[in-house]
Amino acid sequence: MNIVIAIASVVAKEMYRRKDFYVLFVLTALITLLAGSVNFFGDAKIAMYVKEICLLLIWVSSLVIAVGPAARQIPAERENRTIFPLLAKPVTRAQMILGKFVGCWVVAGFALLVLYLFFGVVSGLREQAWPVAHFFLAALLHWLLLGIVIAMTLLGSVVLSAPSVNWTVTLIVVIGILFVGEHLNKVAGRLHEPGGSMVRTVYYLIPHLEWFDIRDLLIYNKPLPPLLALGGATVYAAIYMAFFLYASWLVFRRKPLSA
Amino acid sequence: MSEIVKTVELFVEYPPSRSGGERKQAVNGLNLSVKAGEVFGFLGPNGAGKTTTMNVLLGFIQPTRGDAFLFDVSVREPIARQRIGYLPELTYYYKFLTAEELLRFYARIFRITPAETERRIDALMKLVELDHARKRPIKTYSKGMQQRVGLAQALINNPDLLILDEPTSGLDPLGRMKVREIIQRLKNEGKTVLFSSHELGEVETVCDRVAIINQGQLQIEGRVADLVAKYQCDLERIFLNLIGYTAPTVS
């Protein structure tokens, strides 16, 4: 565990010392502040739209913060040849993958926490309401989703040669799942065989990231889901994270590295 | 003397490239043995299989056949690398870290206590003469300085075996001399050093024993003094003869 934490701390240092991370982070925070604090003619509906836009911005920004660094971790180690002094030490490839994952996930979680806090304070001050539990749950589920996305990106980084390809493919897959994932089952019901079975198989195989999206709860002040659902979502996310990390290790463990 | 490094009938074959071609036999039945406390020079022309052999020893690639051992532990086990230090030919480290952050990171991997880590960092920074630059990011270092940071990271765990791949490659004469001095110092401390080099004069000065390989096969192995006495010429001439080099004649 010590090795995993050591590798994760280097990943975290790299992420917070990069300028692009700051730019994206500060930009999102600024837009959230501006949009969240403006009261458009006192119209509640417009205020809700603005809230929706702010949350969308946090979502897009968090995906970029998670996918970008995760996609370049292992390819950059190989390209910059820093992998050789690292693996020449008693470090297994599994520990390396796990360290990279933990580093990316923790930093993405920290960024998420700050953005949600920021948005929560701004909208709380304007609406004079403090739905802390709603915000906490939304941030937690969002963080679990990012865990799945980061693990998926790490798998992509050991399969696909270029980080840019991995970046693009992962974002397309993630956005695709978020938009059409929940409808696949209905689509499958309307298709002729074998198309229907194929789409249904895809429906059961993909990680349903849309289940972690509870923005509507924040926007429309809906009641919280039961705790059991939260527990289920955590287990569901853990299974997919473990699956993607295990698959990454299977691909990476025998990969020859030539110093 | 116990064997620190051992390869047994080691074969490494590279698959053909995607654009075609044939399988390449990089290492061909290599039997190598490095004993405790000796400085061992691993020589050969480019493409002879030196780096491939080192890659096997460090667990970067798997042998096609045969096996390799460090301290009698198969190199397939990560624990075999607990007591070694490695300096790659091209030294690249995390450029966003400072030298002391880098050393702290590697020390943590070896589970060295924080107090001991700080003590070793102080000593190593002085040894490689980078004490003045220890808080600067590595991206601001010259090539020679990066090579010295590389040497410091290879020594952070106070290794019993040091594997150096072309340690003086690309260094100026002063840098080379400093590396030679450090190797000599490690030898005096009883460390085992395995290093590959093209600088045969340097090898002759520093090494106790050498092995010369060509096309993946061991050509010769022995004490430097014995080889020089046996062949009645310097190491460079022995090396050139073994790899089949004949000087062009001027008509």
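Because the structure is predicted, anything quoted here is derived from the model rather than measured. (Residues numbered from 1 in each chain as written. Chains lettered and ligands numbered in written order. Predicted model: local features only at pLDDT ≥ 70, side-chain atom pairs only at ≥ 80, totals over all residues.)

(A) Structural view of the overall build of chain A. When helices and strands are counted, chain A shows 11 helices and zero strands. In sequence order, chain A lays out its α and β elements as α-α-α-α-α-α-α-α-α-α-α. In terms of overall dimensions, chain A is globule-like: its C-alpha atoms have a radius of gyration of 20 Å, near the 18 Å expected for 259 residues. Projected onto its principal axes, the C-alpha coordinates of chain A cover approximately 65 × 50 × 30 Å. Residues classed as buried in chain A amount to 39% of the 259 residues present. In chain A, the share of contacts with a sequence separation of at least 24, taken over all contacts with a separation of at least 6, comes to 81%. (Helix = DSSP H or I, 4+ residues; strand = E, 2+ residues; numbered from the N terminus. Rg over C-alpha atoms; globule rule 2.2 N^0.38 Å. Buried ≥ 20, exposed ≤ 12 C-beta atoms within 10 Å, placed from the backbone. Contact = placed C-beta atoms within 7 Å.)

(B) Local environment of the overall build of chain B. Assigned secondary structure in chain B consists of eight helices and 10 strands. At 19 Å, chain B has a C-alpha radius of gyration in line with the 18 Å of a compact globule built from 251 residues. Expressed as lengths along the three principal axes of its C-alpha atoms, the size of chain B is roughly 60 × 45 × 40 Å. The buried share among the 251 residues of chain B stands at 44%. The long-range share in chain B, meaning contacts at least 24 apart out of those at least 6 apart in sequence, stands at 68%.

(C) Expanded view of the interface of chain B and chain A. Each partner contributes to the interface: chain B provides 28 residues, whereas chain A provides 23 residues. For the side of chain B that touches chain A, the secondary structure elements donating two or more residues are helix H1 (50-57) and helix H2 (99-109) of chain B. Per-element accounting of the side of chain B that touches chain A gives the leading share, four residues, to H2(B). Split by residue class, the side of chain B that touches chain A holds 18 nonpolar, six polar and four charged. (Nonpolar A, V, L, I, M, F, W, Y, C, P; charged D, E, K, R; others polar.)

(D) The arrangement of helix H5 (residues 173-188) of chain B in detail. All names here are of chain B. Compared with an ideal rise of 1.5 Å per residue, which puts 16 residues at 22 Å, H5 spans 22 Å between its outermost C-alpha atoms and is within 8% of the ideal. Looking at H5, one finds that the buried residues are Lys178, Val179, Ile182 and Ile183. Taken end-on, H5 shows its buried residues confined to a sector of 140°, consistent with a single buried face. Set apart from the buried face of H5 by more than 90 degrees, the exposed residues are Pro173, Leu174, Glu181, Arg185 and Asn188. Where the residues of H5 are buried, they touch strand E3 (39-43), helix H3 (114-127), helix H4 (143-155), strand E8 (192-196) and helix H6 (200-206). (Expected span 1.5 Å × (residues − 1). Arc of directions from axis to C-beta.)

(E) Region of the structure containing the sheet that holds strand E4 (residues 65-70) of chain B. Residues and elements named next belong to chain B. If you walk across this open sheet you meet the four strands as E2-E1-E4-E5, and the pairing is antiparallel. At either margin of the open sheet sits one strand with a lone partner, and together these are strand E2 (24-35) and strand E5 (73-74). Both strand E1 (residues 3-14) and E2 contribute to a ladder of nine bridges, which runs antiparallel. Each bridged residue has a counterpart across the sheet, and for glutamate 3 the counterpart in E2 is lysine 35. The sheet strands contacting H1 are E1, E2 and E4, and the helix crosses E1 at an angle near 115°. (Pairing = 2+ DSSP bridges. Axes fitted to C-alpha atoms, helices over the stretch in contact; angles between N-to-C directions.)

(F) Just unusual backbone geometry, in detail. A cis amide bond links A:Glu193 to the next residue, A:Pro194, at an omega of 5°. Mapped onto the elements, A:Pro194 comes out in the loop between helix H8 (184-190) and helix H9 (195-205). We note that B:Asp72 has phi near 65°; this positive angle belongs to a residue other than glycine. Phi angles above zero are rare outside glycine, and B:Arg111 is one such case at about 55°. If you trace the backbone, B:Arg111 turns up in the loop between H2 and H3. With 12 C-beta atoms packed within 10 Å, B:Arg111 lands in the exposed category.

(G) The arrangement of the environment of B:Asp122 in detail. All names here are of chain B. Structurally, aspartate 122 is set in helix H3. With 13 C-beta atoms packed within 10 Å, aspartate 122 lands in the partly exposed category. With 22 residues separating them along the chain, aspartate 122 and glutamate 100 place their C-alpha atoms 8.8 Å apart.

(H) How the structure looks around helix H11 (residues 227-252) of chain A. Residues and elements named next belong to chain A. Under the 1.5 Å per step criterion, the end-to-end length of H11 is 37 Å for 26 residues, consistent within 8% with the ideal 38 Å. Taken together, the buried positions of H11 are Ala233, Ala237, Tyr240, Met241, Phe244, Leu245 and Ser248. Residues of H11 that are buried in the fold lie against helix H5 (93-127) and helix H6 (132-159).

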